[in-house]
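Overview (structure and organization)
Single-letter residue listing:
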Amino acid sequence: MKKFNIRKVLDGLKEASSPTPSVQVGPQENHLVQETLQSEHFQLCKTVRHGFPYQPSAMAFDPVQKILAIGTQSGALRLFGRPGVECYCQHESGAAVIQLQFLINEGALVSALTDDSVHLWNLRQKRPAILHSLKFNRERITFCHLPFQSKWLYIGTERGNVHIVNVESFMLSGYVIMWNKAIELSSKAHPGPVVHISDNPMDEGKLIIGFESGIVVLWDLKSKKADYRYTYDEAIHSVAWHHEGKQFICSHSDGTLTIWNIRGQGKPVQTITPHGKQPKDGKKPESCKPILKVEYKTTRNGDPFIIFSGGLSYDTVGRRPCLTVMHGKSVAVLEMDYPIVDFLTLCETPYPNDFQEPYAVVVLLEKDLVVIDLAQNGYPIFENPYPLTIHESPVTCCEYFADCPVDLIPALYSVGSRQKRQGYSKKEWPISGGNWGQGTQSYSEIIITGHADGTVKFWDASAIMLQVLYKLKTAKVFDRNRSKEDKGSTDVSDEDPFAIQIMTWCPESRMLCVAGVSANVIIYRFSKLEVTTEVVQLLEVRMQYELNDTDSPDGGGGGGEQTAAHPTPGAFPQTSGPPSHPSTSSNNSDGGNIPCLKVRSTPLKQSPGYQVDLVVQSVWVSGEPPQPITSLALSSSYGLVVFGNSNGLVVVDYIQKTVVLNLGTVELYGSNDPYQRQPRSPRKTRQPSGGLCDINEGSTTSEDRCKSPTSDHRDNSFSRSRSSSVTSIDKEAREAVSSFHFCEGFARKGDSTLTPCLYVGTSLGTLLVLALTLPPAGEQRQLQPVIISPTGVLVRLKGSIMRMAFLDSTGILLTSAFEPWFEPNVTADEEREKVRKRRPVSVSPSTTQDFNESQFAVVCSEKQAKVISLPSQTCIYKHSITETSFILRADIVQMNPGVCVACFCANGHIMTLSVPGLRPLMDVNYLPLTDMRIARTFCFTNLGQAMYLCSPTEIQRITYSQETCENLQEMLGELFTPVETPEAPNRGFFKGLFGGGAQSLDREELFGELAAGKASRSLAQHIPGPGGIEGMKGAASGVVGELARARIALDERGQKLGELEERTAAMMASADSFSKHAHDMMLKCKDKKWYQF
């Protein structure tokens, strides 16, 4: 005891100091094991973020580079090119993005944020960086506009003023358009914030400024005054030009569109209320919802397109958000699944003064990105190639597998490709910029996500890409049509009764097992053939364990006799819903045996892919709901599935479709129970309301118990974790099963032979061993029972046991034995032949081990890790990972040079420990645990990969491998590719002759310091980008410098051409005058004789 206390004190001291060295306990048994992993093999960095940008707020498109940018409310920036080219960056302030503007075809992007800062991003590097920032102090930014091929950015503010910023130097110009100068006497009141700025497509010197109150001003930049003012009595939301620059269109808050001639003062040329009912008596149409944005796009051969969002009439209650496309006389109203954040029309030309020729519309919704094909009848949408559907139903759990069998991804892809929807546009995806990285990663990776609606999605995550392979709907196994009486009879809010809670998958055998929140376990086999299952095989299990022997219906007996289950496949109870109130039905003898979900009784057509093999349901007992499942494991080699909850565990033989063992955790100890438990019925500790939809492990209040797993509420598992210290154990009667591991091992101390074992970890830190006796393979396996005998406690740790693994005597990780995949749907004769030949294959080195050799068991709990030598069962290493916090996820993973324990701690640290010596190799304070989603979805996998859900819609992948960090730069895609800017539109002979073409303007002359003077210093402060001065120089020479150089070269060329033109003109003039003089001379001298000269 004394020794233990001293070590505890030492652990506490070590925890407070630098990384904890592991404590060696017991004899030096691992002198043979040479540890290959060193701290230099580890480095932590983010690799890539996948999924839909969470809470998007702005969007921009570069029509030449074909890159899409999306900004979010948390200051994130996501850039998308061709499928597989995407990039994530973050504004440090975390302020929401109001607006994005590309410097078209220059590899740069301007972002404006709600904290009144403007930033210039360099996209010419694989990880974009900010070159310059400008922070406004006295005014709030409301709108930005950067004309094509201009270096002057117009910024509108809440006060109604317009400031001008040089994009190259990011300095303010002294030229300011003040609101009072712009509106003068046209309005007595302040016109409101600037909602729109754009220059006339045909005349760069004329700028349209839209104010919220309904005033639009056409400003002449040269003369510094307003040419025209246009007033409408409804608030303006957006303005758009016709490409010829003679007309513009405004959208208003009453659902109207007004079209104005630039020279027409007073009234609009046309006022349309597209969705308003037109009264017959010529009165004004009824007002509608605001039209938030309008775009006006012209075509060379045909009518222009007017595209807008909003504007529906107020009586369309419950109607989904719409985008309206008006083309000629046709009006198409396109319903969207979510509210529209923004939309952009993609056009063939980047030049605003040419026919626009729109071909697609990108619509950014709150939770989706839709691209509509304008060129095809019916406006079909494009099939979205990005992995943006992670959140189609909220993610409830994840698993990550690296280095999978090579045939897995093609197999999943081939069954998943049949699930694709039809009716998409035939054209190529229009966002096609950038280039893929030169990835050298050779292994395949698969991510599996479980969702609140019961779907399971398989994703190909190889080489930092993500693509959905296959989608399985587990809810198909159950009856969905619950009558109203059933719904009324339960006080449980089961919003997501089919939600997936835990998944376990064997990649080699392709067996899948999922546990749902309704205390159900479904076992799936993978098949390439379609099959119709007449009756879904069902096992019902009563998981009821009484602690007082007198009350226990089964007595305190051990072993496999305690099966209170009904192993009759397809036996359905008559009642389909839980009883009305637990207290009233607890005296009823027939009140039990009710499953939370009813398995369907009609035949089930199962497509190729994952097909249900067996459903196991934990039923209500004596009017009480079953406890949520806390742990799950599958062994394809043994044909067994095991699951546990807060009371006990059940082992199911899925080959014979029977329950092999149904035991309370207490009974696993036999007579060696170390804890003084209060003899009491579990009934008293349970809450009266049902826990259909709970992800928690202990019992919580009935309110919490009813919540859907999609709401992040696993705090109670935290308090459980914190309380599971050695002192409070004695008071805790309930011991949950927290983890399992199937392995060939030494079941008892001093055993000389390896036997199949099931290791069981509990929430009180105990690791117990169950020895399995399996019938011989072949026909005997179908007939003889599996016998399970508990052999006692292997080791105790502090905190709930999270993970375990086994090494051979040389330190090589022993993988669990597995059965190779076979096609389950074949005829009886073929099947018999296969069964005869089939043997469980184990790739683990344990099969080649000499029997007198030892194994090492590596066990990790919420607080510490231990290494136990087997069969002697002596603890040779132990390491206290954390004293003050607790581990949320631990995995024992294979790295290239060796094996390590990887842990993610609730205090945000990510740590790795060597195996078997448990030396700390890496400890990085990565991120504080901000929400339970991260805790629920974080997982490590082999070869230094890890992932978690950083938002409800996005997966963040990270690596803790030095090798991957070094290769990451090569693997990342390139956003910027050198592309020629298309030629400017031809002005045409007559327009050139009569001056009807586009008017250019020397903005430098107007806005430069010489002409406009310096801007007020207190107005905004310039902040150099984090790239540093050198980076800025390099990037500026790359981004804007090239533009500047090209422009100077063009100017010089233009100057020289101008001089040449002038000289030519002078020569022509002198030639002209010479010929005139010559003619005059000739006339004068025509009649004179030679002697008269």
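See above for the structure.
For the structure given in this document, a descriptive report is provided here.

Rules used throughout
Residues numbered from 1 in each chain as written. Predicted model: local features only at pLDDT ≥ 70, side-chain atom pairs only at ≥ 80, totals over all residues. Heavy atoms only, no water. Helix = DSSP H or I, 4+ residues; strand = E, 2+ residues; numbered from the N terminus. Contact = heavy atoms within 4.5 Å. Salt bridge = Lys/Arg side-chain N within 4 Å of Asp/Glu carboxyl O. Buried < 20%, exposed > 50% of the residue type's maximum accessible area, 1.4 Å probe, protein only. Core = buried A, V, L, I, M, F, W, Y, C linked by side-chain atoms within 4.5 Å. Pairing = 2+ DSSP bridges. Axes fitted to C-alpha atoms, helices over the stretch in contact; angles between N-to-C directions. Polar contact = N/O pair within 3.5 Å; in protein donor to acceptor, adjacent residues only side chain to side chain. Arc of directions from axis to C-beta.

With respect to the helices and strands, Ala935 occurs in helix α12 (residues 932–937). Along the backbone, Ala935 and Cys397 are 538 residues apart, and their C-alpha atoms lie at a distance of 9.9 Å. Dropping the residues within four chain positions of it, Ala935 is found in contact with Leu888 and Leu929.

The next subject is the pattern of salt bridges. Should the charged atoms of two oppositely charged side chains come close, the side chains can pair. Applying the stated criterion across every chain yields a total of 29 salt bridges. A salt bridge links Asp653 to Arg781, with the shortest nitrogen-to-oxygen separation between them at 2.9 Å. Residue Asp653 is located in strand β44 (residues 648–653), and its partner Arg781 is located in helix α10 (residues 779–783); the two are separated by 128 residues in the primary sequence. With respect to burial, Asp653 and Arg781 carry one shared label: buried. Each of the salt bridges in this network shares a partner with another, and the network as a whole consists of Asp203, Lys206, Asp220 and Asp227.

Judged by nonpolar contacts, the single largest core of 35 residues is most densely connected at Leu412, Ile446, Phe458, Trp505, Tyr524, Tyr610 and Val615. Among the elements that line this core, the one with the most residues is helix α3 (residues 408–416), at five residues. Setting aside residues no more than four positions away along its own chain, Val615 makes contact with Val477, Phe478, Val521, Ile522, Val536, Gln537, Leu538, Leu539 and Val599. By size, the runner-up hydrophobic cluster in this structure holds 26 residues, among which are Leu44, Cys900, Leu927 and Tyr960.

In this section: the sheet that holds strand β46 (residues 737–745). Across the sheet, which stays open at both edges, the four strands sit in the order β46-β47-β48-β49 with antiparallel pairing between neighbours. Strand pairing shows two members of the sheet lacking a second neighbour, β46 and β49 (787–796), which therefore form its edges. When strand polarity is set aside, the average angle formed by the axes of neighbouring strands in this sheet is 25 degrees. The pairing of strand β48 (residues 766–773) with β49 spans eight bridges and is antiparallel. Across the sheet, Leu772 pairs through a bridge with Ile788, a residue of β49.

Now for the pairing of strand β59 (residues 945–951). Across the seven residues of β59, six count as buried, placing the element largely inside the fold. Here strand β58 (residues 939–941) pairs with β59 via three bridges, running antiparallel. Residue pairing in the sheet places Phe940 in a bridge with Ala946 of β59. Hairpin connection between β58 and β59: a loop of three residues separates the two successive antiparallel strands, and Leu943 in this loop has a positive phi of roughly 60 degrees.

Our next topic: the side chain of Ser462. Topologically, Ser462 is positioned in the loop between β32 (455–460) and β33 (467–473). Using a relative accessible area of 17% as the deciding quantity, one classes Ser462 as buried. A polar atom in the side chain of Ser462 sits 2.8 Å from the side chain of Asp460. When neighbours within four sequence positions are excluded, Ser462 is seen to be in contact with Ile409, Tyr443, Ser444 and Glu445.

Relative to the elements of secondary structure, Ser739 occurs in strand β46. A polar atom in the side chain of Ser739 sits 3.2 Å from the backbone oxygen of Ile801. Residue contacts for Ser739: discarding those within four places in its chain leaves Ser631, Tyr759, Val760, Gly761, Ile801, Met802, Arg803 and Met804.

Taken residue by residue, α3 has Leu408, Ile409, Ala411, Leu412, Val415 and Gly416 as its buried positions. Buried residues along α3 cover an arc of 165 degrees about the axis, so they all sit on one side. Of the surrounding secondary structure, the elements contacted by the buried residues of α3 are β31 (445–451), β32, β33, β34 (500–506), β36 (520–527) and β41 (609–618).

Geometrically, the link from Leu870 to Pro871 is a cis peptide bond, its omega value of 5 degrees lying close to zero. With respect to the element layout, Pro871 can be found in the loop between β52 (864–870) and β53 (874–880). Omega for the peptide link from Val915 to Pro916 comes to 5 degrees, which places this bond in the cis form. Note that Pro916 resides in the loop between β56 (909–914) and β57 (920–925). Positioned with a positive phi, Lys66 is a non-glycine residue whose angle comes to about 60 degrees.

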